[in-house]
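# Structural characterization, general
Listed here are the chains, written in short residue letters.
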Amino acid sequence: MGTRRGRERQEGLWVATATLARPASHPFYERLNRLLDECGFDDFVESACRRFYAASLGRPSLAPGMYFRLLMVGYSEGLDSERGIAWRAADSLGIRAFLRVALDESVPDQTTISRTRRLIDVEAHELVFGWILSVLAEHGLLRGKTIGIDATTLEANAALRSIVRRDTGECYDEFLRKLAEQSGIPTPTRAQLARLDRKRRKKGSNQEWMHPHDPDARITKMKDGRTHLAHKAEHAVDMETGAVVAVTVQPANAGDTQTVQETLAQAAEHLAVVAEAVNDATGAEMVQRQGPVEVVADKGYHSRDVVRDMQESGVRTYISEPQRLRQHWTGRQAEQRAVYANRRRVRGGRGSRLQRQRGEKLERVNAHLYETGRMRRVHIRGHSNILKRLLIHVSALNLGLVMRAVCGVGTPRGLQGNKLSDVLSAQLIIFAIILPLLSAESEIAGCA
């Protein structure tokens, strides 16, 4: 039996880095870094973010490659806050190696990460998102013909009890006390205020109330039935490969029929950019150049205008139709033809298969991003800041598809208890031994 006294020893003055214990996630991050290096990730992000950095040398800044890698760690490790990302990066040798931070260097703290996020605009994050889509296309993991669209709610970093009236700026407690005084209760207790609040109807109107520090948050009902301030994230997913081709952040009280057009337009724009770069380079039609041809969605996206607009734009819809009363089509012949055509496609064999795949592809993406990836509650405020974090969060998920195709594991946690981790570790050790020998042989040959 091992004892504490038996393990006591004097620490050595020098420690060889090759003898340090390697965590189980280390082979995954090493392989991911090799993939990013082969594709020229650091050169691309440095050129895309160069305008946000000063030309002269000043205070040492957070390199763009390290910043985007830190946000990817949030998805890989299931960390919801930038403070947690910084703490985990400082604690893990595997993540230190992924970030290329030496053992005698300090990892960027939460303040540095958040400041860099505020300085780099949304367009630069979208460029990184599109670049990773092109990596997927080069590996044959992006088609863009059939797109599935789904949305979910994200709990905002704001409390309902802190909301104020839009017109007067009056807080909620002050508003209730005035109502109590008008009802004949001069000094109401907290229990009386709660009872008075329960009896009111339509008390959570987004037209009347807002949060002073997060005006983009909206009062809405969450997935678990709670009422909270929240945001809405909507995704467009390639139904053939499971890659996310677009993500948008919308007001939580906006209906699906109001937000689908923006998400679909973003997906078409990203696919066009990727197709122009990849198809021309390979000489083959790997990605749909004209944008999505088919759209799959649940019944929340079904309306006459949505189906008609998509049909007029040349997109076939497979949108589930909710149960409705008898409809009247007087003067709405175009909508009638579009709705009936969508109904025939949904009831067909292909429509049934796509609806089954919708639950597999779309719901699985939401689970990976917001349950396993821990982004169900955001710790930043404002749609632009949330979108920045989501774009890189989704990019890490897309890189996981490439890693799964290359080495069979999409996340570092997938290596836990997996024999593949031993194989990857052996490959990396062999690679580390052979590469210096090859470089030495090339130097000797050059001298000769």
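Residues numbered from 1 in each chain as written. Predicted model: local features only at pLDDT ≥ 70, side-chain atom pairs only at ≥ 80, totals over all residues. Heavy atoms only, no water.

This part covers the overall build of the chain. Along its length, the chain carries 16 helices and eight strands. For the chain, the residues scored as buried account for 46% of the 448 residues in total. As presented, the chain carries roughly 23800 Å² of accessible surface, and 50% of it is formed by carbon and sulfur atoms. (Helix = DSSP H or I, 4+ residues; strand = E, 2+ residues; numbered from the N terminus. Buried < 20%, exposed > 50% of the residue type's maximum accessible area, 1.4 Å probe, protein only. Areas by Shrake-Rupley, 256 points an atom, 1.4 Å probe, with all protein chains shown as cover.)

The buried count for strand β6 (residues 244–251) comes to seven of eight residues, which makes it a mostly enclosed element. Pairing of strand β5 (residues 227–238) with β6 involves seven bridges; the strand directions are antiparallel. Across the sheet, A233 pairs through a bridge with V249, a residue of β6. Turn length for the β5-β6 hairpin, with the two strands adjacent in sequence and antiparallel, is five residues, and the turn residue G242 shows positive phi of about 85°. (Pairing = 2+ DSSP bridges.)

Bringing the packing of helix α4 (residues 64–77) against helix α15 (residues 383–407) into the picture now. Close contact between α4 and α15 brings their axes to 8 Å; oriented N to C, the two are set at 70°. If you check the angle between α4 and α15, you find them roughly perpendicular. Across the interface between the two elements, F68, L71, M72, G74 and Y75 of α4 pack against R389, I392, H393, A396, L397 and L399 of α15. In terms of residue class, the contact of α4 with α15 is made up of eight nonpolar, two polar and one charged. (Axes fitted to C-alpha atoms, helices over the stretch in contact; angles between N-to-C directions. Parallel < 35°, antiparallel > 145°, perpendicular 65-115°, else oblique. Contact = heavy atoms within 4.5 Å. Nonpolar A, V, L, I, M, F, W, Y, C, P; charged D, E, K, R; others polar.)

Summarising the element assignment, Y318 is placed in strand β8 (residues 316–319). For Y318, a relative accessible area of 5% gives the class buried. When the C-alpha atoms of Y318 and R344 are compared, they prove to be 9.2 Å apart, with 26 residues separating the residues in sequence. The contacts of Y318, once residues within four sequence positions are left out, are E294, V295, V296, A297, N342, R345, V346, R350, G351, L354 and Q355.

Glancing now at the side chain of E155. Tracing the chain through its elements places E155 in strand β1 (residues 146–155). Among the polar contacts made by the side chain of E155, one reaches the side chain of H228 at a distance of 3.1 Å. (Polar contact = N/O pair within 3.5 Å; in protein donor to acceptor, adjacent residues only side chain to side chain.)

With that out of the way, let us pick up empty space enclosed by the protein. According to the stated counting rule, one finds one cavity of 30 Å³ or more in the structure shown. Taken as a whole, the largest cavity encloses approximately 70 Å³ of empty space. Together, F28, Y29, L32, M72, Y75, S76, F98, A396, L399, G400, M403 and G410 line the largest cavity. At the level of elements, α2 (26–39), α4 and α15 are the ones that each hand at least two residues to the lining of the largest cavity. Counting residues per element, the lining of the largest cavity draws most heavily on α15, which supplies four residues. (1 Å grid on protein atoms, 1.4 Å probe; cavity = no way out; pocket = protein on both sides within 12 Å on 5 of 7 lines; lining within 4 Å. Points joined across faces, edges and corners; volume = space filled by probe spheres on them.)

It is worth spelling out the side chain of D298 at this point. By the element assignment, D298 lies in the loop between β7 (294–297) and α12 (304–312). When residues no more than four places from it in sequence are discounted, the contact partners of D298 are D150, I319, S320 and R358.

It is possible for side chains of opposite charge to pair when their charged atoms get near one another. The final tally for this structure, using the stated rule, is 22 salt bridges. Residue R377 is joined to E155 by a salt bridge in which the shortest nitrogen-to-oxygen separation is 3.7 Å. Here R377, found in the loop between α14 (349–372) and α15, pairs with E155, found in strand β1; they are 222 residues apart in sequence, far enough to count as distant. Residue E294 is joined to R350 by a salt bridge in which the shortest nitrogen-to-oxygen separation is 2.5 Å. (Salt bridge = Lys/Arg side-chain N within 4 Å of Asp/Glu carboxyl O.)

Averaged over the chain, the pLDDT score is 87; the fraction of residues at 70 or greater is 89%. Per-element averaging of pLDDT across the chain places helix α16 (residues 419–447) at the bottom with 51 and β6 at the top with 97. Here residues 428–433 is modelled with pLDDT under 50, and outside its nearest four sequence neighbours on either side it reaches five contacts, counting other chains as well. (pLDDT = per-residue confidence, 0-100.)

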